[in-house]
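Overview (structure and organization)
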Amino acid sequence: MTKIKTHIPEGPLADKWTKHKADLKVVSPANKRKLDIIVVGTGLAGASAASSFAEMGYNVLNFCYQDSPRRAHSIAAQGGINAAKNYQNDNDSVYRLFYDTIKGGDYRSREANVFRLAEVSGSIIDQSVAQGVPFAREYGGLLANRSFGGVLVSRTFYARGQTGQQLLLGAYGSLNRQVASGQVKMYYRHEMLDLVMIDGKARGIIVRDLATGEIKRFGAHAVVLATGGYGNVFFLSTNAMGSNGSAVWQAYKKGAYMSNPAFVQIHPTCIPVHGDQQSKLTLMSESLRNDGRVWVPKDKDTVEKLRKGTVKASQVPEEDRDYYLERRYPSYGNLVPRDVASRAAKERCDAGFGVNETGKAVFLDFKDAINRLGRHVVEARYGNLFQMYEKITDVNPYEEPMMIYPAIHYTMGGLWVDYNMMTNIPGLYAIGEANFSDHGANRLGASALMQGLADGYFVIPYTIGDYLADEIQVPRIDTNHKAFEETESAIKAKLEKLKNTKGKTPVDYFHKELGRIMWDKVGMSRNEKELKEAVEEIKKLEKEFWADVRIPGDLNELNQEIEKALRLADFFEMGELMALDALERNESCGGHFREESKTEEGEALRDDKNGAYVSAWEYKGEDADPEMNVEKLEFEFVTPTQRSYK
Amino acid sequence: MADKILKQIKVKVWRQKGPKTKGKFETYIVNDISTGTSFLEMMDILNDNLIREGKEPIAFDHDCREGICGVCSLYVNGRPHGPDDDVTTCQLHMRKFKDGETITIEPYRSKAFPIIKDLIVERNAFDRILQAGGYISINTGGVPDGNAIPVSYDDAEAAMDAASCIGCGACVAACKNASAMLFVSAKVSHLARLPQGKVEAARRAKSMVAKMDELGFGNCTNTGACEAECPKGISISNIAKLNREYLCAKIKD
Ligand SMILES: Cc1cc2nc3c(=O)[nH]c(=O)nc-3n(C[C@H](O)[C@H](O)[C@H](O)COP(=O)(O)OP(=O)(O)OC[C@H]3O[C@@H](n4cnc5c(N)ncnc54)[C@H](O)[C@@H]3O)c2cc1C
Ligand code: SF4
Ligand code: FES
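Note that this is a predicted model, so its numbers are computed, not measured.

**Focus: the overall build of chain A**
- Looking only at helices and strands, chain A has 18 helices and 19 strands in total.
- Over its C-alpha trace chain A gives a radius of gyration of 24 Å, about what one expects of a compact globule, namely 26 Å for 646 residues.
- Within chain A, residue pairs in contact and separated by at least 24 positions form 74% of the contacts whose partners lie at least 6 positions apart.
- If you sum the accessible surface of chain A, you get close to 22,200 Å²; carbon and sulfur atoms cover 49% of it.
- Side chains of chain A carry 83 positive and 89 negative charges; the gap between the two charge centres is 2 Å.

Pasting the structure below:
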């Protein structure tokens, strides 16, 4: 019998959530006051959940590793947020948003979850507007929309190129109001290091105060993880430097299932790596592909000249340019989905046509757009991105094309959750990028913000009551319980062990090496041989790390090296599981491309007979192999078809 | 355009072990830095050297490294966010420096932003000012349809300009009075320009200003240093708007 219980309600797709809400238990206001909830994370998911819980009357303890909740990585999202408002009268609907999301995810997500996401999407916009989020407006005063990544309607709401920032500041405002009222206790510069379980239920966390190094215990009736994605396994990514997978990973090691860890999104338009000294990659918004044309030279001679700098890109005549996306995908052209565009860039660069010194860059050219629309229009649309590009590269993109290359951007995989957003550990929830639930094998642009806020404002405030209704007799969790003691000792031992390694090599060295293995062998294009090699290489590197890492300074003070070391220790283990998950999945789907599974023309080939599942990895101990449980995906309402963008 | 190599630079950095210890400058040498390297990557390289030499790396705040989270906060060669306009420290690049140059790096210095370690300061005072009223008092759910509240194009744009503040604190660090007026005014005018925010505009201005005074920020004497150093171009005209809102609130009292 399968261990997986999704708790998806029966009945027609459109009625499921309504019916489910009617069946959920509700906690009375008097009892809410007696219940504590820990929320780890203050991004869109965490801040929206924490403030909503507090407004309902629960006592909330909220944590983030930054110096302020406002700095969670959601702040960096640029392009926009989707919602099925149909304000443009272009025949958008909840069903269409649902369908686009399921198809965009290459049929590897749950119908019921995705439908609910589409269903509540409109309320997110209403909520954000009421909070004072300054969305773009038309002259008539109503909300403006733009279109995004391959869909046929205009449903993306935006606040210039800073949509994530403005949505987060809205949620942060609500959170601040609850902090002021005392209903939320905010712990900033506090990093969760482990989950505490009592009698099989999540009952608290162990935390390190990053400013002082003090290890602290916190108990609660439920624990919600909203800790974002784990893209930094690859070292270089568009994520913030501190983004990490550790909270999720500790939950996994306590028995929570980890789903689809191999599903990683590689974004095609990022500023290329400039050298060994690089720490982080910068995204250039997907919206640029609306007007920019992607190309490399047709001949290697020109490539050589470009690399040497003897010829400028703008001097390469039209007939010597290969607009390879337009050539390969005439109907979608430069607007093919992210995974397709990324692989096509890699294919050209691997074939020797990369246009910068490292051979890992292609052009994104605005020459035609500027000729067609005029410079002022291009400036109005993309001015801030062009400015950012010039500050970083010292190249003026109005005169010379941008250079871009794919980079790690988002992780679709995450903790397994049921329809209520609860993991298989009772009382432990996962929301936002930290869970696996809605994006299948590939996320559509402008859908992560939607999901984070849907989870936090409109899903978990309802579903958590169903669990907590049975907890009202449980007194405040005693952090002197032996489970807290044991978990804390284990953490302290781990810290001491790292500190006392007394090696000679800095943490970053190992992280960069791990990134190299992941990018080369568990990146855009994967095969059995290399995935197996990756597992071995990661293991070896991990051993070296534990033998040779150097952590200067003390544990009982602000110590950024120990912070990094703890996160990296988990990334090794995560990286290995990602490779294993990729090995198990023999098909190509979405962002996961297995070289063994492609069409004659080299396009990704899905295998619905064997691949229509969600993996749910179960930790079996330090020296044992993890076990893969399977949640079968049933498609009752849509029929999976092969994606084609030709 | 093409990157050059800076053969040697000297970095003079403020080192301070903890909040209560005395700090001092130390000078380090960094060799062979590409001008295409970001300033914080140069710091990474320096730290890598220090660790390998058995010394303690320099603590500094950073996260998004793309100018939006507002956490990076260095005072470089006498300017918050260093010698380039309209950028945060993390967007600063080494092409702004010359071979052989001595670069001086300090933490923000302000009573309201105490030093935790080396270049890291505590800016929780900003959160506390916003907790005093920098929001619209609504709960989740029960709000009208998004299009039920029309906002003129110009108001939305002006609100967005003010809302672009990243809470970095450069304005305070640049001000000889350590005033937080630019930061406070940005939030007050963002919300006061929108119909949703007007409802409690008076209360908001009053309580945020009171909190700012309580937390030890100085008075604004209109020097304009804040606007000049703000990486997000927050306009000093917001301060005038705040003063108007504040005055209105006081008159009503
Ligand atoms: C550059 C960029 C641009 C993007 N643009 C878009 C876009 O236009 N549209 C879109 O829909 N999506 C976009 N995305 C994706 C989207 O921004 C994210 O998926 C989403 O914001 C994640 O939100 P979250 O709340 O799940 O996590 P995050 O915002 O990452 O928040 C994580 C929180 O958890 C905390 N945390 C993490 N670990 C710990 C720990 N161990 N202890 C304590 N606290 C911890 C952090 O402090 C933080 O508060 C973009 C992403 C990037 C990187
Ligand atoms: S007003 Fe400008 S300088 Fe001051 S905190 Fe905001 S962004 Fe930083
Ligand atoms: S690190 Fe985020 S703004 Fe500089």
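Next comes the rest of the account.
**Let's talk about the domain arrangement of chain A**
Residues and elements named next belong to chain A.
- Split into domains, chain A comes out as domain 1 (267–408) and domain 2 (482–607).
- Taking only C-alpha atoms into account, the centre of domain 1 sits 31 Å from that of domain 2.
- Listed per partner, the contact involves 12 residues of domain 1 and 10 residues of domain 2.
- Taking both sides of the interface into account, the surface hidden between domain 1 and domain 2 amounts to around 820 Å²; carbon and sulfur atoms contribute 60%.
- Linking domain 1 to domain 2 there are one salt bridge.
- Between Glu603 and Arg328 there is a salt bridge; the shortest N-O distance is 3.2 Å.
- Where domain 1 packs against domain 2, one counts three residue pairs in polar contact (both at pLDDT 80 or more).
- For the side of domain 1 that touches domain 2, the elements supplying multiple residues, two or more each, are α10 (338–353) and β15 (402–411).
- The residue makeup of the side of domain 1 that touches domain 2, split by class, is five nonpolar, two polar and five charged.

**Let's talk about the packing of helix α16 (residues 528–548) of chain A against helix α17 (residues 560–584) of chain A**
Residues and elements named next belong to chain A.
- The geometry of α16 relative to α17 is characterised by a closest axis approach of 9 Å and an angle of 160° between their N-to-C directions. Of the possible angle classes, the one that applies to α16 and α17 is roughly antiparallel. Remark: the crossing between α16 and α17 carries left-handed chirality. Two secondary-structure elements touch here, α16 through Glu528, Leu531, Lys532, Val535, Ile538, Lys539, Leu541, Glu542, Phe545 and Trp546 and α17 through Ala565, Leu568, Ala569, Phe572, Glu573, Gly575, Glu576, Ala579, Leu580, Ala582 and Leu583.
- Tallied by class, residues from the contact of α16 with α17 come to 14 nonpolar, one polar and six charged.

**Observations regarding the environment of B:Ala132**
Residues and elements named next belong to chain B.
- On the secondary structure map, Ala132 appears in the loop between α2 (124–131) and α3 (153–163).
- Look at Ala132 and you get partly exposed, because its relative accessible area is 24%.
- Taking the C-alpha atoms as reference points, Ala132 and Ala228, separated by 96 residues in sequence, lie 27 Å from one another.
- Among all residues touching Ala132, those that are not within four sequence positions of it are Ser207, Met208 and Lys211.

**Details of the site of ligand 1**
Residues and elements named next belong to chain A.
- Lining the immediate environment of ligand 1, one finds 38 residues, of which Thr42, Gln66, Ser74, Met192 and Glu433 sit closest.
- Backbone polar atom of Ala45 to an oxygen atom of ligand 1: 3.0 Å apart, as the coordinates give it.
- Here an oxygen atom of ligand 1 sits 2.8 Å away from a polar atom, N or O, in the main chain of Gly79.
- Considered on its own, ligand 1 offers 1,000 Å² of accessible surface; in the complex 97% of this is hidden by protein.
- Contributions of two or more residues to the shell around ligand 1 are made by α3 (44–56), β6 (190–198), β15 and α13 (448–468).
- Ranked by residues supplied to the shell around ligand 1, first place goes to β6 with three residues.
- Classifying every residue of the shell around ligand 1 gives 17 nonpolar, 18 polar and three charged.

**Observations concerning the sheet that holds strand β5 (residues 102–106) of chain B**
Residue and element names in this part refer to chain B.
- Taking strand neighbours across the sheet as the criterion, the five strands line up as β2-β1-β5-β3-β4 in an open arrangement whose pairing is mixed. At either margin of the open sheet sits one strand with a lone partner, and together these are β2 (24–34) and β4 (79–80).
- Contacts from helix α1 (residues 39–52) reach β1 (5–15), β2, β3 (75–76) and β5, with the element oriented near 105° to β2.

**Some details on the site of ligand 2**
- Close to ligand 2 lie 13 residues, the nearest being B:Cys165, B:Cys168, B:Gly169, B:Cys171 and B:Cys230.
- Considered class by class, the residues forming the shell around ligand 2 number 11 nonpolar, two polar and no charged.

**Structural notes on the confidence of the model for chain B**
- Averaged over every residue, the pLDDT of chain B is 96; residues scoring 70 or more account for 100%.
- Of the two predicted TM-score estimates for the complex, the pTM is 0.98 and the ipTM is 0.98.

**Focus on the domain arrangement of chain B**
Residues and elements named next belong to chain B.
- On domain assignment, one finds that chain B holds domain 1 (5–116) and domain 2 (123–136 + 150–252).
- One C-alpha centre belongs to domain 1, the other to domain 2, and the line joining them spans 29 Å.
- On the domain 2 side, the residues contacting the 21 residues of domain 1 number 19 residues.
- Taken together, both faces of the contact between domain 1 and domain 2 bury some 1,400 Å²; the carbon and sulfur share is 58%.
- It is Pro80, Ala112 and Phe113 in domain 1 that bury the most area against domain 2; as a group they hold 34% of the surface buried on that side.
- Taken together, domain 1 and domain 2 are joined by two salt bridges.
- Arg123 is paired through a salt bridge with Asp61; the nearest N and O atoms lie 3.7 Å apart.
- For the interface between domain 1 and domain 2, the tally reads four residue pairs in polar contact (both at pLDDT 80 or more).
- When its residues are assigned to classes, the side of domain 1 that touches domain 2 shows 10 nonpolar, seven polar and four charged.

**Quick notes on the nonpolar core**
- Core analysis: the largest hydrophobic core is formed by 262 residues, its most contacted members being A:Phe53, A:Ile81, A:Ile205, A:Ile464, B:Phe39, B:Ile129 and B:Phe217.
- Top contributing element to this core by residue count: α17(A), with 13 residues.
- Beyond its immediate stretch of four places on either side in the chain, A:Ile205 contacts A:Ile38, A:Val40, A:Phe63, A:Met192, A:Asp194, A:Leu195, A:Val196, A:Lys216, A:Arg217, A:Phe218, A:Val223 and A:Phe484.
- Formed by six residues, the second largest nonpolar core is a distinct cluster that contains A:Phe263, A:Tyr410, A:Ala441 and A:Cys589.

**Description of helix α15 (residues 507–521) of chain A**
All names here are of chain A.
- In a regular helix each residue adds 1.5 Å, so 15 residues correspond to 21 Å; α15 covers 22 Å between its end C-alpha atoms and thus fits that length.
- All buried positions along α15 are accounted for by Val507, Asp508, Phe510, His511, Leu514, Gly515, Ile517, Met518 and Lys521.
- On its buried side, α15 packs onto α16 and α17.

**Description of the interface of chain B and chain A**
- Counting from both sides, the interface comprises 79 residues of chain B and, opposite them, 78 residues of chain A.
- On inspection of chain B and its partner chain A, the count reaches 10 salt bridges.
- Its salt-bridge partner being A:Lys85, residue B:Asp145 comes within 3.1 Å of it at the nearest N-O pair.
- Inspection of the region where chain B meets chain A yields 51 residue pairs in polar contact (both at pLDDT 80 or more).
- For the side of chain B that touches chain A, the leading source of residues is α3(B), giving seven residues.
- Taken together, the residues of the side of chain B that touches chain A break down into 34 nonpolar, 21 polar and 24 charged.

**Concerning the side chain of A:Ser437**
- With respect to the helices and strands, A:Ser437 occurs in the loop between β17 (428–430) and α13.
- Polar contacts involving the side chain of A:Ser437 include one to the side chain of A:Asp438, which spans 2.7 Å.

**Quick word on the packing of aromatic side chains**
Residue and element names in this part refer to chain A.
- This model, assessed by the stated rule, comprises 34 aromatic pairs over all chains.
- Their ring planes at 35° and their centres at 4.4 Å tell us that Trp249 and Tyr252 sit as a pair that is tilted. Of this pair, Trp249 and Tyr252 both sit in helix α7 (residues 246–253), separated by three residues, roughly a single helical turn.
- Classification of Tyr252 as buried rests on a relative accessible area of 2%.
- Aromatic side chains Tyr382 and Phe386 sit 6.3 Å apart centroid to centroid with 15° between the ring planes, which places their arrangement in the stacked category. Pair noted here: Tyr382 and Phe386 are both in helix α12 (residues 375–393), with a separation of four residues, about one helical turn. Like Tyr382, the residue Phe386 is buried in the burial classification.
- Among the aromatic residues, those joined into a cluster by ring pairs are Tyr509, Phe510, Phe545, Trp546 and Phe572.
- Here the basic side chain of Lys300 rests over the ring of Phe353, its NZ or CZ set 5.1 Å away from the ring centre.

How each quantity is defined
- Residues numbered from 1 in each chain as written.
- Chains lettered and ligands numbered in written order.
- Predicted model: local features only at pLDDT ≥ 70, side-chain atom pairs only at ≥ 80, totals over all residues.
- Heavy atoms only, no water.
- Helix = DSSP H or I, 4+ residues; strand = E, 2+ residues; numbered from the N terminus.
- Rg over C-alpha atoms; globule rule 2.2 N^0.38 Å.
- Contact = heavy atoms within 4.5 Å.
- Areas by Shrake-Rupley, 256 points an atom, 1.4 Å probe, with all protein chains shown as cover.
- Lys, Arg positive; Asp, Glu negative; His and termini not counted.
- Charge placed at Lys NZ, Arg CZ, Asp CG, Glu CD.
- Domains from an automatic or database assignment.
- Buried area = accessible area lost by both parts, 1.4 Å probe.
- Salt bridge = Lys/Arg side-chain N within 4 Å of Asp/Glu carboxyl O.
- Polar contact = N/O pair within 3.5 Å; in protein donor to acceptor, adjacent residues only side chain to side chain.
- Nonpolar A, V, L, I, M, F, W, Y, C, P; charged D, E, K, R; others polar.
- Axes fitted to C-alpha atoms, helices over the stretch in contact; angles between N-to-C directions.
- Parallel < 35°, antiparallel > 145°, perpendicular 65-115°, else oblique.
- Left-handed = near helix turned anticlockwise from the far one by under 90°.
- Buried < 20%, exposed > 50% of the residue type's maximum accessible area, 1.4 Å probe, protein only.
- Near = heavy atom within 4 Å.
- Pairing = 2+ DSSP bridges.
- pLDDT = per-residue confidence, 0-100.
- Core = buried A, V, L, I, M, F, W, Y, C linked by side-chain atoms within 4.5 Å.
- Expected span 1.5 Å × (residues − 1).
- Phe/Tyr/Trp six-rings, centres within 6.5 Å; stacked < 30°, edge-to-face > 60°.
- Lys NZ or Arg CZ within 6 Å of the ring centre and 35° of its normal.

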